[in-house]
Amino acid sequence: MEQDYMETHKGDKENKQNGERRKRYMLDEEEIPRRWYNIQAEMPVKPMPPLNPATKEPLKAEDLYPIFAEELCRQELNQTDAWIDIPEEVRNLYKYYRCTPLVRAYGLEKALGTPAHIYFKNESVSPMGSHKLNSAIPQAYYCKQEGVKNVTTETGAGQWGASLAYAAKMFGLEAAVYQVKISYEQKPYRKSIMQTFGAQVTPSPSMSTRAGKDILTANPNHQGSLGTAISEAVELARTTPDCKYTLGSVLSHVSLHQTVIGLEAEKQMEMAGEYPDMVIACFGGGSNFGGIAFPFMRHNFTGEKKTRFIAAEPTACPKLTCGEFKYDFGDEAGYTPLLPMYTLGHKFQPANIHAGGLRYHGAGVIVSQLLKDGWMEAVDIPQLECFEAGTLFARTEGIIPAPESCHAIAATIREALKCKETGEEKVILFNLSGHGLIDMASYDKYFSGDLV
Ligand SMILES: *Cc1c(COP(=O)(O)O)cnc(C)c1O
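Residues numbered from 1 in each chain as written. Predicted model: local features only at pLDDT ≥ 70, side-chain atom pairs only at ≥ 80, totals over all residues. Heavy atoms only, no water.

Draft legend 1. Highlighting the layout of surface pockets. Estimates place the volume of the largest pocket at around 390 Å³. If you list the elements that add at least two residues to the lining of the largest pocket, you get α9 (181-186), α10 (188-196), α12 (226-239) and α19 (440-447). Here the element with the most residues in the lining of the largest pocket is α19; it accounts for 4 residues. For the lining of the largest pocket, the class distribution of residues is 13 nonpolar, 11 polar and 5 charged. Roughly 150 Å³ of volume is contained in the second largest pocket. Residue lining of the second largest pocket: Glu30, Glu31, Ile32, Pro33, Arg34, Arg35, Trp83, Leu263, Glu266, Lys267 and Arg298, and that is the complete set. Broken down by element, the residue count for the lining of the second largest pocket peaks at 3 residues, all from helix α13 (residues 252-272). (1 Å grid on protein atoms, 1.4 Å probe; cavity = no way out; pocket = protein on both sides within 12 Å on 5 of 7 lines; lining within 4 Å. Points joined across faces, edges and corners; volume = space filled by probe spheres on them. Helix = DSSP H or I, 4+ residues; strand = E, 2+ residues; numbered from the N terminus. Nonpolar A, V, L, I, M, F, W, Y, C, P; charged D, E, K, R; others polar.)

Draft legend 2. Inspection of unusual backbone geometry at higher detail. Geometrically, the link from arginine 98 to cysteine 99 is a cis peptide bond, its omega value of 0° lying close to zero. Inspection of the secondary structure assignment puts cysteine 99 in the loop between α5 (88-94) and β4 (102-104). The phi dihedral of aspartate 242 falls on the positive side, at around 55°, and the residue is not glycine. Under the relative-accessibility criterion, aspartate 242 is labelled partly exposed at 45%. (Buried < 20%, exposed > 50% of the residue type's maximum accessible area, 1.4 Å probe, protein only.)

Draft legend 3. Structural detail: the site of the ligand. As a matter of local geometry, the ligand sits amid 18 residues, with Lys132, Ser249, Gly284, Asn288 and Ser433 nearest to it. Contact between the ligand and histidine 131: an oxygen atom at 3.2 Å from a side-chain N or O atom of the residue. A distance of 3.0 Å is found between an oxygen atom of the ligand and a backbone nitrogen or oxygen belonging to glycine 286. A total of 380 Å² of accessible area belongs to the ligand in isolation, and the protein chains cover 98% of it. In this structure the site holding the ligand corresponds to the largest cavity. Residues of the shell around the ligand, tallied by class, amount to 4 nonpolar, 12 polar and 2 charged. (Near = heavy atom within 4 Å. Polar contact = N/O pair within 3.5 Å; in protein donor to acceptor, adjacent residues only side chain to side chain. Areas by Shrake-Rupley, 256 points an atom, 1.4 Å probe, with all protein chains shown as cover. Sits in = over half its atoms within 2 Å of the grid points.)

Draft legend 4. Broad picture of helix α11 (residues 210-218). Among the residues of α11, those classed as buried are Ala211, Gly212, Ile215 and Leu216. Along the axis of α11, the buried residues cluster in a sector spanning 125°; they form a single face. In α11, the exposed positions angled more than 90 degrees off the buried face are occupied by Arg210, Thr217 and Ala218. Against the buried residues of α11 lie α9 and α12. (Arc of directions from axis to C-beta. Contact = heavy atoms within 4.5 Å.)

See below:
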């Protein structure tokens, strides 16, 4: 028993023996996960099915084949297999940047004067600077396997588009990306990154699709939204041979791929000799949240653990805290299946906050069901508090976080300060979903007091 304990808690023991504190926990290549965790198979209440909007019948995997790679459609609706093998080619590409570090944020703890132990999983070390590549690689892989030649998608802040452009290039696919017009104009470097990897980038709404033309006819000054860009990309996939659509968030297969984050973190927390009392992540459509949370949540389902899971969303787009649970479309034009989710309505136009990746109107079906059933919580946080948190994190930990990730940091700081009041030594784990080095214009606005 003691021997086993020593083995599994080696990192912690070593720390104590050396009388020094360890900051980073890393896994060997061999220990990178070989399977993704499919939480749908183990949820006490399964998500309700997506519906065909015309017939209101539950969707079958085949119904999605015209839009997505077939294997991804099967993963999307798989409610039986808790573990899904990661193809060897995908795992080999993961090795380029995984495992990502688990870091103890001693600097932040000290600045806050909290007794809490704060850890973060650093997904910003991926070549594209965010967690999105974890799903872009398998999505491009399955498309290639199935003989697809072109992939298309939408992107808001540009993180997903950049990840897909890179993954497409790795597998010799052409990528066409619709970028929300306002971020195309405000974040020109993301467009440059996508073009560096050979993607064709179009600001949305555009005149190149029927959906885009309809939107522009109704409102010539439309600044674009994820909803408009999704409508255009889906239309392109439907009307172009050998072309499939891909999505960087919201859908269940995307969260599935992201579980490499939590599976690694579980092993790394064990090396640190701790288990999280709270797991926190920012929330756009739910993929980085699900990625870090689901592998830990399975121990709550069995009653073995009582971890709290907290999703942090912007006050400007509060679908989890203020949205309604109902069937709604995933896109503005109403092309997608009807999804059972917390939503602000598919016509919702969020204020132009800097966390572009968190401006989506709805939440994924898995997370929506989990929130409804009380397995997780949500908080919404105002933009200024997020940048304040991000700046403190940068100054104490040396990493400039993406505006999206600042929401997770702000939520973490709120909890750490509660620990300070009560004197509780809670263990908090949050996901650093990306770095903000291409978002410095947003920080500039914050420093000059122009941010609202
Ligand atoms: C896209 C993005 C998000 C939000 O998407 P989720 O699917 O909710 O994870 C968060 N952080 C970063 C850095 C992103 O690029």
